Amino acid sequence: MSSAPRFDSSSAHGGGIGGGHGTLMASGAIAHPRLVTQSSFSKSMFSSPRLSLALTNIDGFGAGEMISADAGFEENVRRRRREEEATDSRSGSDNMDGGGGSGDDLDAAVGDNPRKKKRYHRHTPQQIQELEAMFKECPHPDEKQRLELSRRLSLEIKQVKFWFQNRRTQMKTQLERHENTLLRHENEKLRTENMAIREAMRSPICSNCGGPAIIGEISLEEQQLRIENARLKDELDRVCALAGKFVGRPVPVSPSLEEYGGGMMMMERCVYLEMALAAMDELVKMANGEEPLWIGEKLNEEEYSRMFSGGCFGGFVSEASRESALLFLHSSALLDTLMEANRWVEMFPNLIATATTTDVISGGMGGTRNGALQLMHAELQILSPMVPVRQLNFLRFCKQHAEGVWAVVDVSIDPITDTSSPPCRRLPSGCLIHDMPNGYSKVTWVEHSEYDESQIHELYRPLVRSGLGFGARRWIATLQRQSEALATLLSSPSDQSGISADGRRSMVKLAQRMTANFCTGVCASTVYKWNKLNTGNNNVGEDVRVMTRKSVEDPGEPPGTVLSAATSVWVAATAERVFEFLRDERLRSEWDILSNGGPMQEMLHIPKAHHHHHANAVSLLRATSLNPNQSSMLILQETCSDASGSLVVYAPVDIPAMQVVMNGGDSAYVALLPSGFAVVPAAEDCGGGSLLTVAFQILVNSLPTDKLTVESVETVNNLISCTVKKIKTALRCHELST
């Protein structure tokens with residue numbers, strides 16, 4: 001896909017009409033009307049009717065050619081230009097067909113006989129194809145690359161070198177011709193404007209009475225202001241026409257800045273509108289496309305490049321996926337969720353670390369989301385320390401295509417070469433929503449991006465490429481699970497879980513905060529300012545990342561120094577088997593070191609799904625110590641599972657605080673530090689099994705000012721190592737017993 005459009009306000013190329021005498025700006029840029037032509041320049045020099053000069057060697061004219069001050073000069077210039085273009089065309093054709101002249105052939109032609117016709121070495125179509133492919137990737141190959149090409153194509157290194165020189169020259173010539181054409185059109189436009197302005201200045205109109213004005217009454221400054229006002233009016237008409245296409249209906253000619261821009265510059269707003277419209281068109285075609293664009297659910301990259309003139313950035317990996325599902329969620333509720341950053345994060349806590357709306361370009365039309373366009377920033381994540389967070393700045397555009405048919409599209413506005421974060425660009429992605437009867441909607445999700453795979457650990461590269469990491473299947477699976485949870489919580493009777501409806505909502509809200517906090521402890525997002533620590537003592541066999549942060553004045557966390565440790569490992573058991581083992585409170589003592597070796601009892605169970613209700617639920621567990629001198633503790637736990645993976649998140653909680661929550665009290669003041677597990681299926685080429693992420697957050701010092709000790713870091717590192725070993729051992733034992 002092509003990069004974001006931009007407006008170039010630099011000076012026009014000197015080779016165009018008026019080059020060197022006037023500054024012509026790209027279409028849409030601000031420029032005062034100014035007309036300079038080559039013919040007018042010549043006429044100013046040779047305007048005398050009695051003057052006739054014999055000019056020699058001017059622009060290649062032979063001695064003795066007579067050039068008059070009027071049509072003869074221009075005719076000769078045009079004739080010479082046609083001859084040069086014909087020569088360039090023949091030369092370019094030879095270079096393209098023949099792949100550029102061979103160095104040996106050219107030298108021989110010049111050295112043997114200067115008058116002898118030059119001989120060209122014509123390359124084979126396969127050689128030209130290889131050379132063109134290399135030219136697109138690297139127009140200036142180094143010596144090593146040229147040597148490799150000459151070896152692979154059975155060409156001499158001089159031939160390769162001269163081919164690239166000729167190809168660059170041809171590209172430059174084509175670009176100059178294109179610029180000259182644009183400049184000629186712009187010059188004609190300025191000529192017309194100049195004539196109109198001069199005509200208006202011959203018969204000025206008084207702004208007060210509307211009658212003819214005396215020339216002396218209008219100052220030069222006022223004349224310039226009127227000219228600028230007329231130019232801005234034309235620009236406003238163009239913007240309104242574009243906005244009308246954007247919102248699907250005519251737009252008034254004099255909109256207020258507050259309605260259509262929030263104070264943004266007019267040209268910048270135009271660029272964003274054009275990007276949004278192009279991205280929406282691509283999304284709809286991707287969502288509805290069949291073969292040959294999609295082969296099964298795999299994108300045909302060649303067909304995509306042909307349809308949208310796009311292509312993957314050199315050295316980056318393209319990831320594209322599409323998924324459809326029927327959701328118990330009306331389009332209006334889903335649109336509100338997607339267009340409000342906080343609700344979007346709450347819907348996808350395992351996918352989105354943080355999101356903000358940086359600017360609202362359009363809030364929609366007629367009190368609806370139709371035409372809503374906004375700038376957003378988001379950090380997307382996979383729950384593993386081995387996959388960096390994707391930081392994205394993008395446009396989000398919502399449009400109604402028909403009655404009950406909506407679409408929301410995202411497209412990155414940052415270049416992929418931005419080095420401020422791991423390089424990634426989100427190509428037009430989003431969802432197409434069709435309203436269905438009885439509150440349902442059919443959602444087709446398209447996810448398309450390109451990224452630097454070298455930033456990702458080898459263990460997770462197949463997962464990301466398959467689309468289970470950031471792809472459409474994960475977005476749709478999360479939407480299904482969350483919509484079903486919402487419907488279940490709203491329809492369940494209050495006495496099913498033993499607590500009131502207010503208590504149930506308060507418990508679920510606390511569990512949501514716990515899960516979101518857990519995800520930020522696994523991935524180094526900007527939600528919390530984590531400091532990475534290097535640990536040399538590692539007994540897991542994989543990378544363990546240890547981070548620390550200060551918890552100050554947060555009522556939802558205990559104050560002090562928080563230490564987080566996380567790692568990801570491959571496990572031979574399936575993802576379903578690992579999840580069932582970890583969520584079973586009866587087997588918790590086999591891996592949980594903090595359970596004191598005693599049995600666990602489920603005191604409270606709040607289902608979040610009608611089907612498989614044990615898999616998606618919020619629970620309150622009580623750990624009974626085998627030592628009568630130790631008091632029992634409560635553990636809040638949330639488990640969730642869908643087609644993209646599973647989560648088991650838990651945290652020790654205070655008994656009096658939980659009593660308040662169960663009675664419907666505010667859960668924001670319950671302090672907790674969550675730990676848990678994330679399980680995803682491993683790719684088949686990795687041997688099957690599953691990828692298990694283990695993460696702990698522990699309060700090592702009760703005062704934020706206390707210094708972190710080496711013993712604390714070693715304790716957390718040993719805790720995570722011991723937990724991983726216990727889980728693997730227990731899974732092997734259960735596998736053998738069955």
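Computed from a prediction, not measured in an experiment: that's the story for all the values here.

## A few points about the confidence of the model for the chain
- Per-residue pLDDT for the chain has a mean of 76; in total, 67% of the residues score no lower than 70.
- The spread of mean pLDDT over the elements of the chain runs between strand β1 (residues 53-54), the lowest at 32, and strand β11 (residues 429-435), the highest at 96.
- Confidence drops under pLDDT 50 across residues 1-71; counting only partners more than four residues distant or on other chains, this segment forms 108 contacts.
- Ignoring residues within four places in sequence, the model shows residues 87-112, a span with pLDDT below 50, making 52 contacts including any to other chains.

## Some details on the nonpolar core
- Core analysis: the biggest nonpolar cluster contains 48 residues, and Trp344, Phe348, Ile352, Trp445 and Tyr460 have the highest contact counts within it.
- Composition of this core by domain shows at least three residues from each of domain 2 (269-489) and domain 3 (501-734).
- With near-sequence residues (within four places) excluded, phenylalanine 348 lies in contact with Trp445, Trp475, Thr478 and Leu479.
- Ranked by size, the runner-up nonpolar core spans 34 residues in total, among them Ala575, Ala623, Tyr650 and Val716.

## Brief notes about the packing of aromatic side chains
- Tallied over the entire structure, the rule returns 13 aromatic pairs.
- A centroid spacing of 4.9 Å and a plane angle of 85° characterise the contact between tryptophan 591 and phenylalanine 677, whose relative ring orientation is edge-to-face. Highlighted residues: tryptophan 591 in the loop between α15 (575-583) and β16 (600-607) and phenylalanine 677 in strand β20 (residues 675-681), separated in sequence by 86 residues. There is no split in this pair, since tryptophan 591 and phenylalanine 677 are both buried.
- Taken together through their ring pairs, the aromatic side chains of Trp344, Phe348, Phe394, Trp445 and Trp475 make up a single cluster.
- Note that arginine 390 overlies the ring of tyrosine 451, its terminal NZ or CZ placed 4.6 Å from the centroid.
- The ring centre of phenylalanine 470 lies 3.9 Å from the NZ or CZ of arginine 390, which sits over that ring.

## Focus: the packing of helix α14 (residues 501-522) against helix α16 (residues 655-662)
- The interhelical angle for the contact between α14 and α16, taken along N-to-C directions, is 125°, at an axis separation of 7 Å. As judged from the angle between their axes, α14 and α16 are oblique. Every residue of α16 that contacts α14 at Gly503, Ser506, Met507 and Leu510 is listed here: Met658, Val661 and Met662.
- Per-class residue counts for the contact of α14 with α16 are five nonpolar, two polar and no charged.

## What about the side chain of glutamine 637?
- Looking at the element boundaries, glutamine 637 is found in strand β18 (residues 633-642).
- For glutamine 637, the side chain forms a polar contact with the side chain of arginine 588, separated by 2.8 Å.
- Once residues within four sequence positions are removed from consideration, glutamine 637 is found in contact with Met514, Arg583, Arg588, Ala617, Val618, Ser619, Leu621, Val648, Val649 and Tyr650.

## Quick look at the pattern of salt bridges
- This model, assessed by the stated rule, comprises 24 salt bridges.
- Between glutamate 557 and arginine 549 there is a salt bridge, with its nearest N and O atoms 2.7 Å apart.
- A residue is classified by how much of its surface remains accessible, and glutamate 557, at 4% relative accessible area, is buried.
- Using a relative accessible area of 4% as the deciding quantity, one classes arginine 549 as buried.

## Quick look at unusual backbone geometry
- Of note, the amide linkage connecting glutamate 291 to proline 292 takes the cis form, showing an omega dihedral of 10°.
- Along the chain, proline 292 falls in the loop between α8 (266-288) and β3 (294-295).
- The backbone of serine 154 shows a phi angle near 60°, a positive value even though the residue is not glycine.
- Relative to the helices and strands, serine 154 resides in the loop between α5 (143-153) and α6 (157-202).
- Despite not being glycine, asparagine 438 has its phi angle at roughly 65°, a positive value.

## As for the pairing of β20
- Among the seven residues of β20, six are classified as buried, and the element is accordingly described as predominantly covered.
- As defined by bridge partners, strand β19 (residues 645-653) adjoins β20 across five bridges and the pair is classed as antiparallel. Paired with leucine 647 across the strands is alanine 678, a residue of β20.
- Looking at chain direction, β20 and strand β21 (residues 690-701) are connected through six bridges and run antiparallel. From the neighbouring strand, proline 681 faces β21, where its bridge partner is serine 690.

## A short note on the packing of helix α4 (residues 125-137) against α5
- Across the interface, α4 lies against α5 with an axial gap of 11 Å and an inter-helix angle of 160°. Taken together, the axes of α4 and α5 are roughly antiparallel relative to one another. Between α4 and α5 lies a crossing of right-handed hand. Contacts between α4 and α5 involve Gln127, Glu130, Leu131 and Met134 from the first element and Gln145, Leu149, Arg152 and Leu153 from the second.
- Class assignment of the residues belonging to the contact of α4 with α5 gives a composition of four nonpolar, two polar and two charged.

Scoring rules and cut-offs
- Residues numbered from 1 in each chain as written.
- Predicted model: local features only at pLDDT ≥ 70, side-chain atom pairs only at ≥ 80, totals over all residues.
- Heavy atoms only, no water.
- pLDDT = per-residue confidence, 0-100.
- Helix = DSSP H or I, 4+ residues; strand = E, 2+ residues; numbered from the N terminus.
- Contact = heavy atoms within 4.5 Å.
- Core = buried A, V, L, I, M, F, W, Y, C linked by side-chain atoms within 4.5 Å.
- Buried < 20%, exposed > 50% of the residue type's maximum accessible area, 1.4 Å probe, protein only.
- Domains from an automatic or database assignment.
- Phe/Tyr/Trp six-rings, centres within 6.5 Å; stacked < 30°, edge-to-face > 60°.
- Lys NZ or Arg CZ within 6 Å of the ring centre and 35° of its normal.
- Axes fitted to C-alpha atoms, helices over the stretch in contact; angles between N-to-C directions.
- Parallel < 35°, antiparallel > 145°, perpendicular 65-115°, else oblique.
- Nonpolar A, V, L, I, M, F, W, Y, C, P; charged D, E, K, R; others polar.
- Polar contact = N/O pair within 3.5 Å; in protein donor to acceptor, adjacent residues only side chain to side chain.
- Salt bridge = Lys/Arg side-chain N within 4 Å of Asp/Glu carboxyl O.
- Pairing = 2+ DSSP bridges.
- Left-handed = near helix turned anticlockwise from the far one by under 90°.

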